[in-house]
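# Notes for the structure review
As a plain string of letters, each chain reads:
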Amino acid sequence: MTRKPEESLDCAAENRQGRRSGLQLNDLPIDVLGLIISRLPIGDAIRTGLISRQWKDLWRDHTMLTFSRATFPSCRMLNQQNFIRRVDSILQQHSGVGVERMEIKFLLRNARRDIDRWVKFAVASKTKELILDLSDLTRFFMLPVMVFHPYLDREGFYEFPCQLLDANNGGSHLQCLQLTSMYLKPAADFTGFLNLKRLNLIGVNITDEGVQNLLCNPNVLEFLEISFCRMLTKIHAPHFLNRLKHLQVDCCPVLEKIEMNCDLATLDFTGSSMTPLIFATTSSLTNDSSVICRLFECSNFMLLNIRKTDILDYAYLLEIAPFMEKLELHVQITGFFGQKDQVELALHILCSSTVLKNMVINPEIAIVPHDAYRPPKRGAHNFVDGRDAAMEFVCKADHRNVVEVV
């Protein structure tokens, strides 16, 4: 039996209408709509209220609050005053509960009252992750600015209110805290962050005593980053940090010493000076041996990631290579000239790193700083060819065929 053309058209129209009706978002339960909108950036979530009256208030329970220039794309001239006004407007309309992550990324100066108000909102809403980036620089540009503008005017810098987030003032829900471009002055009576697992301090003005006060009380900190902090000369934790497994220290120009009592799994260090790294542990050590010996005996030190401009500064750390599962050296070598210390270091790496897969030796000079060592020229009485030295001394000791001279 065949259908009449009119009946076929009616059926097709009904099918199209049925398919359309099945895709209507308004038919979804409110809690499902709220979940969908919560996955959007806060700016887009707010704009969904323009589509339907039913959606007007759904964004008020948004759990991810990120405020930056990208949050307000329609505002071409977004100055500090406009930014503060817009953030305040959103936070005043938000329900103030269930915030998982709150981020402020904008260049702000002389705005302490406003930022304090936002930090209090984060505490009251039981925020788990708080990011305050008050710089207009990306991480890539922080080092050049610190080097070429060491006395950059910091008038109007925000001072983070540690007392609002300590264990006695409701900051117990915070698990991750990242601070960029501000002052941090924890007092001696600071009680610590009760449940903080990750702390990133980037371009923060903090003293040696301030770091010690931050780490003075027992805590559950697992990851600590201290980068581009130009005032620090020493990083010291007075007590055993039993949960701390990951430490990152990056480009602190006057840092002279790192001394901590912890069992690290990873260390990521970038620096240009000879900085002693002292990591004592509460292991079964009974003698008063040197710190480096203690480091040798720390068999659970899993990953050492060191980036230095002079690899020879940290040659002694290769003594712990047999205890590591992975050793990464990110170094800048300007040339292999066949000097005695260069050959000895290459041989030491070759013999100590039992799982080494590849060693590349390049006599060519890549970068020559103004004060760098310059090898004798060919023809001089003390000239040594780096390639010949590598072939004669290093390659002959290579019984695993991992050395490559280029």
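Let me sum up the structure you'll find in this document. (Residues numbered from 1 in each chain as written. Predicted model: local features only at pLDDT ≥ 70, side-chain atom pairs only at ≥ 80, totals over all residues. Heavy atoms only, no water.)

Attention shifts here to the overall build of the chain. Helix and strand counts for the chain come out as 11 helices and 16 strands. When each of the 406 residues of the chain is scored for burial, the buried share is 42%. Restricting the contact set of the chain to residue pairs at least 6 apart, pairs at least 24 apart contribute 58%. For the chain, the computed accessible surface area is about 22,900 Å², with 54% contributed by carbon and sulfur atoms. (Helix = DSSP H or I, 4+ residues; strand = E, 2+ residues; numbered from the N terminus. Buried < 20%, exposed > 50% of the residue type's maximum accessible area, 1.4 Å probe, protein only. Contact = heavy atoms within 4.5 Å. Areas by Shrake-Rupley, 256 points an atom, 1.4 Å probe, with all protein chains shown as cover.)

For the rest of this paragraph, the subject is unusual backbone geometry. Here the phi dihedral of Phe-228 falls at roughly 55 degrees; this positive angle occurs in a residue that is not glycine. With a relative accessible area of 6%, Phe-228 lands in the buried category. Residues other than glycine seldom take positive phi values, yet Cys-251 does so here, at roughly 55 degrees. Mapped onto the elements of the fold, Cys-251 is located in the loop between β9 (246–250) and β10 (257–261). With a relative accessible area of 14%, Cys-251 lands in the buried category.

On to the nonpolar core. Counting 72 residues, the largest nonpolar core has Phe-160 and Met-260 as its most contacted members. At 6 residues, the largest contribution of residues to this core is made by helix α5 (residues 112–124). A domain split of this core shows at least three residues from each of domain 1 (29–62) and domain 2 (63–262). Within the second largest apolar cluster, 12 residues are counted, among which are Phe-336, Leu-350, Ala-390 and Val-402. (Core = buried A, V, L, I, M, F, W, Y, C linked by side-chain atoms within 4.5 Å. Domains from an automatic or database assignment.)

Our focus in this paragraph is the packing of helix α4 (residues 80–93) against α5. Axes are the key here: two packed helices are described by the angle between their axes and the distance separating the axes. Where α4 contacts α5, the axes come no closer than 11 Å and their chain directions differ by 25 degrees. Judged by the angle between their axes, α4 and α5 are roughly parallel. Helix-helix and strand crossings are classified by hand; for α4 and α5 the assignment is left-handed. Across from Phe-83, Ile-84, Val-87, Asp-88 and Leu-91 in α4, the residues of α5 making contact are Asp-114, Arg-117, Trp-118 and Phe-121. Looking at the contact of α4 with α5 residue by residue, the classes come out as 6 nonpolar, no polar and 3 charged. (Axes fitted to C-alpha atoms, helices over the stretch in contact; angles between N-to-C directions. Parallel < 35°, antiparallel > 145°, perpendicular 65-115°, else oblique. Left-handed = near helix turned anticlockwise from the far one by under 90°. Nonpolar A, V, L, I, M, F, W, Y, C, P; charged D, E, K, R; others polar.)

By secondary structure assignment, the location of Asp-114 is in helix α5. One polar contact links Asp-114 to Arg-117, side chain to side chain, over a distance of 2.7 Å. With residues up to four places along the chain from it excluded, the contact list for Asp-114 reads Ile-84 and Asp-88. (Polar contact = N/O pair within 3.5 Å; in protein donor to acceptor, adjacent residues only side chain to side chain.)

A few words now on helix α11 (residues 386–394). Residues of α11 that are buried: Gly-386, Ala-389, Ala-390 and Val-394. The buried residues of α11 occupy an angular sector of 100 degrees when the element is viewed end-on, so they sit on one face. Of the surrounding elements, those touching the buried residues of α11 are α10 (340–352), β15 (359–361) and β16 (403–405). (Arc of directions from axis to C-beta.)

So, about the pairing of strand β2 (residues 101–105). Consecutive residues of a regular strand have side chains that alternate between opposite faces of the sheet. Where strand β1 (residues 64–67) and β2 come together, 4 bridges link them in parallel fashion. Along β2, the bridge assignment pairs Phe-67 with Ile-104. On the question of chirality, the crossover connecting β1 to the parallel β2 by way of α4 is right-handed. Both β2 and strand β3 (residues 129–133) contribute to a ladder of 5 bridges, which runs parallel. Following the sheet pairing, Glu-103 is matched in β3 by Ile-131. What joins β2 to β3 is α5, and the crossover it makes is right-handed. (Pairing = 2+ DSSP bridges. Right-handed = clockwise from strand over helix to strand, strands pointing away.)

Turning our attention to the packing of aromatic side chains. Summed over all chains, the structure comprises 5 aromatic pairs. Taking the centre distance of 6.3 Å and the plane angle of 80 degrees together, the rings of Phe-83 and Trp-118 count as edge-to-face. Within this pair, whereas Phe-83 is found in helix α4, its partner Trp-118 is found in helix α5, the two being separated by 35 residues in sequence. For the pair Phe-83 and Trp-118, a shared accessibility class is recorded, and that class is buried. On the numbers, 6.0 Å between centres and 65 degrees between planes, the contact of Phe-157 with Tyr-183 is edge-to-face. Of the two residues, Phe-157 sits in the loop between α6 (139–148) and β4 (159–160) while Tyr-183 sits in strand β5 (residues 176–184), which places them 26 residues apart along the sequence. Judged by relative accessible area, Phe-157 falls into the buried class, the value being 12%. With a relative accessible area of 23%, Tyr-183 lands in the partly exposed category. Linked through ring pairs, Phe-72, Phe-83, Phe-106 and Trp-118 together constitute an aromatic cluster. The lysine or arginine in question, Lys-185, covers the ring of Tyr-183, its NZ or CZ lying 5.2 Å from the ring centre. (Phe/Tyr/Trp six-rings, centres within 6.5 Å; stacked < 30°, edge-to-face > 60°. Lys NZ or Arg CZ within 6 Å of the ring centre and 35° of its normal.)

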